[in-house]
Amino acid sequence: METKNVILELRTKNGFSQDELAEKIHVTRQAVSRWENGETIPNTETLKLLSKLFDVSINTLLGSPRKLICQCCGMPLDDSSISKETDGTFNEEYCKWCYADGKFVYTSMEELLDFLAGHMPNENWSPEQVRAYFEVQLPKLNHWKPAK
């Protein structure tokens, strides 16, 4: 979905007129109209305000152009699983299970591997297979890459 449609849908879903939305995020009604007509898109600071107001990620506001994954565990991210900072803003790098209340839940890769091996096995994957798979995958994620 394009940004113009996302903003229009969120505005109407929340029962705001263009004037009301404009007032809440300190822009003109004309700016909102231009976004919804696809003439322009909000700047970065305004996207942050819209993100917080509508409780959706900036990625969602932009029409979900990127496929986000948690940079700690590799889980695909959507607005219901993206972590938030202590001020309520989305942190699009991590899921809410790896990063909560401004802190990382897992202090080491070994701790995360233990959790995954204990919770993800099923009829197709044994705990050992889960661990072996994630031992290869986790180091590819930004959180676990060695600092340069």
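It should be noted that the structure appears before, not after, this text.
So, here's what we can say about the structure. (Residues numbered from 1 in each chain as written. Predicted model: local features only at pLDDT ≥ 70, side-chain atom pairs only at ≥ 80, totals over all residues. Heavy atoms only, no water.)

Before going further, it helps to spend a moment on helix α2 (residues 18-25). Those residues of α2 lying buried are Gln18, Leu21, Ala22 and Ile25. Taken down its axis, α2 places every buried residue within 100° of arc, on the same side. For α2, the elements touching its buried residues are α1 (3-13), α3 (29-36) and α4 (44-54). Of the residues trailing α2, His26 is marked for its positive phi of about 65°. (Buried < 20%, exposed > 50% of the residue type's maximum accessible area, 1.4 Å probe, protein only. Helix = DSSP H or I, 4+ residues; strand = E, 2+ residues; numbered from the N terminus. Arc of directions from axis to C-beta. Contact = heavy atoms within 4.5 Å.)

Once that is clear, we can look at α3. Along α3, the residues classified as buried are Ala31, Val32, Ser33, Trp35 and Glu36. The elements touched by buried residues of α3 are α1, α2 and α4. Just downstream of α3, Gly38 is the residue with a positive phi angle, here 80°.

The next point concerns the packing of aromatic side chains. Per the counting criterion, the structure on display carries seven aromatic pairs. Where Tyr99 meets Phe104, the ring centres are 4.9 Å apart and the plane angle is 65°; that geometry is what we call edge-to-face. Consider the rings of Tyr133 and Phe134, whose centres lie 5.1 Å apart with planes at 85°: the pair is edge-to-face. A connected cluster of aromatic rings, assembled from ring pairs, spans Tyr94, Tyr99 and Phe104. A cation over an aromatic ring shows up here: Lys84 above the ring of Phe90, its NZ or CZ 4.9 Å from the ring centre. (Phe/Tyr/Trp six-rings, centres within 6.5 Å; stacked < 30°, edge-to-face > 60°. Lys NZ or Arg CZ within 6 Å of the ring centre and 35° of its normal.)

Before going further, it helps to examine the pattern of salt bridges. Per the counting criterion, the structure on display carries five salt bridges. Put simply, Glu36 and Arg11 hold a salt bridge, and the shortest N to O gap is 2.5 Å. Placement of the pair is Glu36 in helix α3 and Arg11 in helix α1, with a sequence separation of 25 residues. The class of Arg11 is buried, set by a relative accessible area of 10%. Across the pair Lys48 and Glu45 runs a salt bridge whose closest N-O atoms are separated by 3.4 Å. Of the two residues, Lys48 and Glu45 are both situated in helix α4; the distance of three residues between them amounts to about one turn of the helix. By relative accessible area, Lys48 is classed as partly exposed at 42%. (Salt bridge = Lys/Arg side-chain N within 4 Å of Asp/Glu carboxyl O.)

Note: most peptide bonds trans; most residues except glycine with negative phi. The phi angle at His26 is positive, at roughly 65°, despite the residue not being glycine. You can see His26 is positioned in the loop between α2 and α3. The exposure class of His26 is exposed, given its relative accessible area of 68%. For Asp101, which is not glycine, the phi dihedral falls at a positive 55°. A relative accessible area of 63% places Asp101 in the exposed class.

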